[in-house]
Each structure stands twice: as structure tokens, then as C-alpha cells.
Amino acid sequence: MTDKFYPFKPHSHRVTTTDGLFSSAEVGLANRNSGILLEMLTEDITPTGAHYLLNHFDVPVIDEATHKLEFSGEFESPYSLTMAQIRSLPSVSMPVTLECAGNGRAGVSPRSHSMPWHYEAVGTSMWTGTPLLPLIERACPAQSVVEFSFTGADFGYDKGEGHYFARSMTLDQMQQLEVLLVHSMNGSPLLPQHGSPLRIIVPGWYGMASVKWLVDIKALTEPFTGFQQVRTYQYRQTVDDPGQPIQGMRVKSLMVPPGVPDWSTRCRHLQPGATTLTGRAWSGLGAEIKKVEIEIDGLWHNASVHHRNSKYAWTQWAFEWNAQPGEYVLRCRATDSLGNTQPLEPPWDVAGFANNAAQTVHVYVD
Ligand SMILES: Nc1nc2c(c(=O)[nH]1)N[C@H]1C(S)=C(S)[C@@H](COP(=O)(O)O)O[C@H]1N2
Ligand SMILES: [Mo]
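For every chain, the first residue of the written sequence is number 1, and numbering continues from 1 onward in sequence order. All chains are assigned letters beginning with A, and all ligands numbers beginning with 1, in the order in which they are written. Reporting in this predicted model follows two pLDDT cut-offs: at least 70 for local features of residues, and 80 or more for side-chain atom pairs to be given and counted; totals over whole chains, interfaces and linings ignore these cut-offs and use all residues. Note that the side-chain values use all heavy atoms of the structure and ignore hydrogens as well as water.

**Focus on the overall build of the chain**
Inference 1: On a plain count of helices and strands, the chain comes out with 5 helices and 22 strands.
Inference 2: In terms of overall dimensions, the chain has C-alpha extents of about 70 × 50 × 35 Å along its principal axes.
Inference 3: Per-residue burial for the chain yields a buried fraction of 53% across its 366 residues.
Inference 4: Residues are treated as being in contact if the distance between any of their heavy atoms lies within 4.5 Å. Considering only residue pairs separated by 6 or more positions, the chain has 72% of its internal contacts joining residues 24 or more positions apart.
Inference 5: When the accessible surface of the chain is summed, it comes to about 16,400 Å², and 54% of that surface belongs to carbon and sulfur atoms.
Inference 6: The charge count includes Lys and Arg as positive and Asp and Glu as negative, but it does not include His or the ends of the chains. By convention, charge coordinates are those of NZ in Lys, CZ in Arg, CG in Asp, or CD in Glu. Placing the 27 positive and 36 negative side-chain charges of the chain at their respective mean positions leaves the two points 2 Å apart. Here a strand is any run of E in DSSP of at least two residues, a helix any run of H or I of at least four, and the numbering for each starts at the N terminus. Exposure classes here rest on a 1.4 Å probe applied to the protein chains alone. A residue is buried below 20% of its type maximum, exposed above 50%, and partly exposed in between. Accessible surface is estimated by sampling points in the Shrake-Rupley manner with a 1.4 Å probe; for residues, cover comes only from the protein chains shown.

Listed below in C-alpha cells is the structure:
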């Protein structure tokens, strides 16, 4: 549907950047799109029910018995696959950390009207499926093909444009990132909200690339111009800036908030003495975590960094703190193998994307 015939035009524009309290529409989004519980950062694999969720529109309910994946567009041998055929293909399981590009948006000021994440839009699952590239090659893309679009079954409106959620990638990108066609999460079939029965997982990139409820892979002879490719998920300095496409995750770390919370203020209370601060760190494009530092009372200390269990999974870190009575603002920041370190202040982006500023945790040692 084009903008011209869109009947809800007066209600279709997005509120521009805002500050202060969250709007009721933002709270509505937050109630649908839950985040990880930070205490689950102790686990290598996030329990499925605690993995964050980001759904733009409504969850489509798909019957796996009749679902088909189409290879369409400029292929010499287009074909389709049933779920039974997909499940019988060579199987690969890989732990992959996904993070939403909007994670941290609530910390960017003024912020854009969208999902108001604080820190919690991240998680790691054991994804099972089959490598995507051989399936694309089997359909024989025409010589003139430049990229491939991935379309989900979910339809909705943004900025007045009706569209199915869809993204694109080139063959080179898919090859470098070992993109998987996925039907299972942590050993069970995908849940409806995580893309049942079929999605892709794009390791190393922000989550928007990992299209859920996948119905179609199209070979294109021109770059894809779908809404989710060009009208959002771009780093923009101003609203008129065409922007730079968002791809790899920026280096980031999070800590399990130590101690126990106060129910209403969420401030943390801790007993004095030895306590282990721990959390996770990750980066994009398969880069390794080289260093995690913890700030206590204005001094930065090196945490110990454990080994990750896959090129695309987060790393655990830990630091022994002898907590003395007082009030503290703790921070953690990671550095990756490409030399990138988390900033202390949020990087600026019009839509509040990819805010990887160091997390702060306020604690009272009683
Ligand atoms: N079809 C479809 N795929 C989608 C989305 C969506 O709304 N529709 N959201 C994307 C975004 S922005 C993210 S961060 C991840 C979230 O995956 P999860 O909900 O399984 O954690 O899915 C991506 N794939
Ligand atoms: Mo996202």
C-alpha cells in the first residue's frame, strides 16, 4: 500500500524525539517486548522464556504442516521447501548472542519514540538449523543478482508505509557471518513469538537482520529498498540524513546487579564484605572480548575474562570486590579485539540506536 491510499494517515506519523517520562504507547510496546532479566546473565545460554523479544507488529500464527519457504525472484532454479524437508537437512547448532539495535535507547536524550529499552534487549540461545548459503546456491542465482531479501509473515505500518517485515543481505555478508536457517531454539521448536516455525539467525549483527516467520527469500538485481532496510536501522545524525546501515553489534558489557533490590525504587542493597561482581561482554562480527574493566569509586579495575563457547556468543567476566559500607555507582566497560572500547556517554543517533555506553548500577552497602 502506498502512502497516498493509506487511510490512517493522520495517526501514522511518529512522534519525534522526546525527553522525560515514557508515553503510554511506549509503555504498551515495553509490555509486549520483554527484556532479559539481568540476573540471567550468569547463564551461558539464556533460558528461552527469559530471552528478550522484539516484535514490530503482531505475531503471525503459522501452521508448520503447511508452511513453505519459497526461493523466488532472479533464480535460475527457484524452488520451495516444506518444514519436514528443512528439518531433514544437515543440522548445525550454534550459541549466538542477539542484541536489539534499539537496546539502550532509553538512555539517549532526547530519545526517539520507539521501544524504550534500558539494558535488557540481549540474550544467547543455542540455535539449531542448517547453513543457508548452500540452499541459496542450489536455486542458482542469476549473474545479475546483487542481494537477497528475506521476508517475514508479519505485516504492519510504520510512518504510513504498510509492509511485511523484510531485510536483505549480500552473498558475501552471508558467507562471512555463517547465516543459519533456524527451526529450533535451545533444543525445542521455535516459540511463536521467536519466529515459529522458521527464521534466520545472522550471527554478529544486531537482531533486526535475524528475520522471523520467514516465508520468502528473493534474489534481487537491484539493492533492496524495503522499509526495514532503508527507512530505519540506519545511523542518522539528523532526520534528513540518509544514514549508514546498522550491521555489526558494538562492543558492550553488562553486569548482574549485585545484592537485592528495593521493590519500588529498584535501588540495590548489599551486605559488606567479599562479593563477586559478574556479567557478560560481547561484540559484533565475531570480534573477541579482550578486556573488561569495573569502576568502583572512580577507580577502574580489570575483571577476569573467561572463554566464550562460540565465536558469536558472549563471554563471562568476574571481579572480586571487598565491599565497604557506603553508596556506590558501579560501571563496567569492555574492549574488543578490534580495539573498540565502550564509551562512558551514549553515542548520538536520531533513533537512539546502538547505545553501548557503560552500564551504571547504583548500590548501597549497608
Ligand atoms: N519478521 C520479523 N522478524 C524480526 C522482527 C520482526 O518484528 N519481524 N524483529 C527483529 C528485531 S528488531 C530483533 S532485535 C529480533 C529479535 O528476535 P527475538 O524476538 O527472537 O529475540 O528479531 C528480528 N526479526
Ligand atoms: Mo531489534
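**Quick look at the packing of aromatic side chains**
Inference 1: Aromatic contacts are taken between Phe, Tyr and Trp rings whose centres are within 6.5 Å, Trp giving its six-membered ring; a plane angle under 30 degrees counts as stacked, one over 60 as edge-to-face, and the others as tilted. The full count for this structure, using the stated rule, is 9 aromatic pairs.
Inference 2: Each ring, one from Phe 71 and one from Tyr 79, has its centre 4.5 Å from the other, and the planes form 5°; the classification is stacked. For the residue pair Phe 71 and Tyr 79, the accessibility class agrees, reading buried in each case.
Inference 3: Judged by centre distance (6.2 Å) and plane angle (55°), the ring pair of Trp 282 and Trp 314 falls under tilted. Taken together, the positions of Trp 282 in strand β16 (residues 273-282) and Trp 314 in the loop between β19 (304-305) and β20 (315-323) put the pair 32 residues apart, joining distant regions of the chain. This pair shows no difference in class: Trp 282 is buried, exactly as Trp 314 is.
Inference 4: The criterion is that NZ of a Lys, or CZ of an Arg, lies within 6 Å of the ring centre and within 35 degrees of the ring normal, and then a charge sits over that ring. Across from the ring centre of Trp 300, 3.9 Å away, lies the NZ or CZ of Arg 333, which sits over that ring.

**Considerations on the pattern of salt bridges**
Inference 1: Whenever Lys or Arg places a side-chain nitrogen within 4 Å of a carboxyl oxygen from Asp or Glu, that contact is recorded as a salt bridge. Applying the stated criterion across every chain, the model contains 7 salt bridges.
Inference 2: Where Glu 26 meets Arg 111, a salt bridge forms, and the shortest distance between an N and an O atom there is 2.9 Å. Linking Glu 26 in helix α1 (residues 24-32) with Arg 111 in the loop between β3 (92-99) and β4 (122-131), this pair joins segments that are 85 residues apart in sequence.
Inference 3: Judged by its relative accessible area of 3%, Arg 111 falls in the buried class.
Inference 4: Here Glu 64 ties to Arg 87 by a salt bridge, and the two come within 2.9 Å at their closest N and O atoms. Remark: Arg 87 occurs in helix α2 (residues 83-87) and Glu 64 occurs in the loop between α1 and β1 (68-73); sequence separation between them is 23 residues.

**Description of unusual backbone geometry**
Inference 1: Looking along the chain, the bond that leaves Ser 109 and enters Pro 110 is cis, with omega of -10°.
Inference 2: Following the sequence through the fold, Pro 110 ends up in the loop between β3 and β4.

**Notes on the sheet that holds strand β5 (residues 147-158)**
Inference 1: What makes two strands pair is DSSP finding at least two bridges between them. In spatial order, the strands read β2-β1-β10-β5-β6; together these 5 strands make up an open sheet with mixed pairing. Each edge of the open sheet carries a strand with a single partner, namely β2 (80-82) and β6 (161-169). Ignoring strand direction, the axes of neighbouring strands in this sheet form an average angle of 25°. Here the axes come from fitting lines to C-alpha atoms, over the contacting stretch only for helices, and the angles between their N-to-C directions go from 0 to 180 degrees.

**Here's the deal with the site of ligand 1**
Inference 1: As a structural note, the neighbourhood of ligand 1 is formed by 18 residues, with Tyr 52, His 56, Asp 154, His 194 and Lys 212 the closest of them.
Inference 2: Think of a polar contact as two N or O atoms within 3.5 Å of one another; within protein, one of them needs to be a possible hydrogen donor and the other a possible acceptor, and neighboring residues in sequence only count if both atoms come from side chains. For ligand 1, an oxygen atom lies 3.3 Å from a polar atom in the side chain of His 51.
Inference 3: The backbone of Ser 210 places a nitrogen or oxygen atom 3.0 Å from a nitrogen atom of ligand 1.
Inference 4: Bound to the protein, ligand 1 loses 100% of the 530 Å² it would expose on its own.
Inference 5: Residue polarity follows a fixed list, in which Ala, Val, Leu, Ile, Met, Phe, Trp, Tyr, Cys and Pro are nonpolar, Asp, Glu, Lys and Arg are charged, and the others, Gly among them, are polar. Here the residues of the shell around ligand 1 sort into 9 nonpolar, 6 polar and 3 charged. A cutoff of 4 Å decides nearness: a residue is near a molecule or strand if any of its heavy atoms lies inside that distance of it.

**Topic: the side chain of Asn 355**
Inference 1: Looking at where Asn 355 falls in the secondary structure, it is placed in the loop between β21 (326-336) and β22 (359-365).
Inference 2: A distance of 2.9 Å separates a polar side-chain atom of Asn 355 from the backbone oxygen of Gly 104.
Inference 3: With sequence-adjacent residues up to four places away left out, Asn 355 is seen in contact with Asn 103, Gly 104, Gly 107, Val 108, Lys 252, Pro 346 and Pro 347.

**A look at the nonpolar core**
Inference 1: By nonpolar core we mean a set of buried residues, namely Ala, Val, Leu, Ile, Met, Phe, Trp, Tyr and Cys, connected to one another through side-chain atoms within 4.5 Å. Ranked by internal contacts, the top residues of the largest apolar core, which has 50 residues, are Phe 71 and Phe 150.
Inference 2: For this core, the elements supplying multiple residues, two or more each, are β1, α2, α3 (133-138), β5, β6, α4 (171-177) and β10 (214-220).
Inference 3: Ignoring any residue separated from it by four or fewer positions in sequence, one finds Phe 71 in contact with Pro 78, Tyr 79, Leu 81, Leu 135, Ile 136, Ala 139 and Ile 217.
Inference 4: The next biggest cluster of nonpolar side chains, apart from the first, holds 21 residues, and it includes Val 251, Ile 294, Phe 319 and Trp 321.

**Quick word on the pairing of β5**
One face of the sheet, then the other: side chains in a regular strand alternate in exactly this way.
Inference 1: The buried fraction of β5 amounts to 9 of the 12 residues, a majority that puts the element mostly inside the structure.
Inference 2: Here β5 runs beside β10; their pairing, made up of 6 bridges, is antiparallel. Residue Phe 150 lies in a different strand from β10, and its bridge partner there is Ile 217.
Inference 3: Direction of pairing for β5 relative to β6: antiparallel, over a ladder of 8 bridges. Across the sheet, Phe 148 pairs through a bridge with Met 169, a residue of β6.
Inference 4: Linkage of β5 to β6, two consecutive antiparallel strands, is achieved through a turn of 2 residues, within which Lys 159 is found at a positive phi near 50°.

**Regarding the state of the cysteines**
Inference 1: Two cysteine sulfurs form what is called a disulfide whenever their separation falls within 2.5 Å. Applying the stated criterion across every chain, the model contains 0 disulfides.
Inference 2: With no disulfide of its own, Cys 332 lies closest to Cys 267 among cysteine sulfurs, the gap being 17 Å.
Inference 3: Residue classification places Cys 332 among the buried positions, given a relative accessible area of 0%.

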